[in-house]
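So you can see what is in the structure, the chains are spelled out below.
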Amino acid sequence: MRNDPKRLPAPELLVTFEAAARLLSFTRAAQERFVTQSAVSRQIRALEDDLGVALFRRRHRGLALTEEGSALHDACREAFERLRSTVTQLRAPGERQVLTLTTTPGVASLWLIPRLSRFTREHPGIDVRIDTSLDLRDLDAEGIDVAIRYSRLDSMHGSRLFQESVMPVCSPSLLENGPPLAGPADLRLHTLLRVVDPMMGVLPEWEPWLAAMGLSDLQPAGRLSFSRYDDVVSAAVLGQGVAMGRRPLIDALLAEGRLVAPWSGALASPRGYSVVLSDAAGRRPAAHALRAWLLETAARDGYASAPRA
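A brief report on the enclosed structure follows. Please read these numbers as outputs of a predicted model, since none were measured by experiment.

Analysis parameters
Residues numbered from 1 in each chain as written. Predicted model: local features only at pLDDT ≥ 70, side-chain atom pairs only at ≥ 80, totals over all residues. Heavy atoms only, no water. Core = buried A, V, L, I, M, F, W, Y, C linked by side-chain atoms within 4.5 Å. Buried < 20%, exposed > 50% of the residue type's maximum accessible area, 1.4 Å probe, protein only. Helix = DSSP H or I, 4+ residues; strand = E, 2+ residues; numbered from the N terminus. Contact = heavy atoms within 4.5 Å. Salt bridge = Lys/Arg side-chain N within 4 Å of Asp/Glu carboxyl O. Expected span 1.5 Å × (residues − 1). Phe/Tyr/Trp six-rings, centres within 6.5 Å; stacked < 30°, edge-to-face > 60°. Lys NZ or Arg CZ within 6 Å of the ring centre and 35° of its normal.

**Describing the nonpolar core**
Counting residues in each nonpolar core, the largest one holds 38 residues, and the members touching the most others are Trp-111, Val-146, Leu-161, Tyr-229, Leu-290 and Leu-294. For this core, the secondary-structure elements that each account for two or more residues are strand E3 (97–103), helix H5 (105–122), strand E5 (146–152), strand E6 (159–169), strand E7 (191–197), helix H8 (229–237), strand E11 (267–277) and helix H10 (285–300). The residues contacting Tyr-229, other than those within four sequence positions of it, are Leu-110, Val-195, Glu-205, Met-244, Gly-245, Arg-246, Leu-249 and Ile-250.

**Digging into the pattern of salt bridges**
Taken as a whole, this structure holds 16 salt bridges when the rule is applied. For the salt bridge of Arg-22 with Glu-18, the shortest nitrogen-to-oxygen distance reads 3.0 Å. Placement of both Arg-22 and Glu-18 in helix H1 (residues 11–23) is noted, with a separation of four residues, approximately one turn of the helix. Here Glu-142 makes a salt bridge to Arg-137, at a shortest N to O gap of 3.6 Å. Since its relative accessible area comes to 22%, Arg-137 is described here as partly exposed.

**Thoughts on helix H3 (residues 37–51)**
Its 15 residues give H3 an end-to-end C-alpha distance of 21 Å, which sits within 8% of 21 Å, the value for a rise of 1.5 Å per residue. Of all the positions in H3, only Ala-39, Val-40, Ser-41, Ile-44, Leu-47 and Glu-48 are classed as buried. Just beyond H3, the residue with positive phi is Gly-52, at close to 80°.

**Thoughts on the packing of aromatic side chains**
Inspection of every chain in the model, using the stated rule, returns eight aromatic pairs. Between Trp-209 and Trp-263 the ring centres are 6.0 Å apart and the planes differ by 20°, which places this aromatic pair in the stacked class. Taken together, the positions of Trp-209 in helix H7 (residues 206–212) and Trp-263 in the loop between helix H9 (251–256) and E11 put the pair 54 residues apart, joining distant regions of the chain. Trp-263 matches Trp-209 in its accessibility class, with the two residues each being buried. Here the aromatic cluster, defined as three or more aromatic residues joined through ring pairs, consists of Trp-111, Tyr-150, Phe-162 and Tyr-273. Stacked on the ring of Tyr-150, the Lys or Arg Arg-246 has its end atom at 4.6 Å from the ring centre. Here the guanidinium or amino end of Arg-246 rests over the ring plane of Tyr-229, the centre of that ring lying 4.2 Å away.

Dropping the structure here:
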């Protein structure tokens, strides 16, 4: 049934088209396919005749996809990636898949790594490589599959992992043996621990909370600055000052009693964490499994939306 719109073109035409669309060159596609340039040109023309649409704009200095060509390329790329993944599993069922996940050092050490062994137990064929950085990685350009991103809720991309809430925290020894901490105003007697980003300067952690408490003009006894949030938390555990605790990152330390909150309640933050997949990882079942596990873990911990105070 030549006129059946559901009929698929010949597979070799689609394979040649995908190579030409990816490379935007009939010559390079011919080299990849081990055929002549004229053979590629004929196959593309045959595919266009079959579909009844132009797939490329032939320009003096190269090729460009038409709107129809771009749609077909997206479909071919996704289908071929799934085929390659399935064929790989059939040919080498024991071969392990490797995913690279990037996030900040604080998220990695305080939240992700303590939970990650559960993922490896549940998905024994998938290895995870952790990249910790304060830089905003270009996932596709750097070959990274998954990111846990920290951003404002109103500009968040990807799948929301959890919203952040904040409150001052310190070590039990500082609360018991240090200067008084009967109320927020007593922070003037203490050293405040904070993050200073090398590029952005002092991050606005304390200022919004102090403003909400009506203490915008408070001057602490001192300040200690660190480039990483996990170092801020370590200093707080050691009794070196009061940190702005970011839940749920510090929840395990609160549960263990290594950190305490001088006052009950937490202030909802306009920021939170999301899970983002690269374009390439979006076609990998393993990456979807990792994203689903991250979201399920946050929900299991009670953070499907905002952290509870």
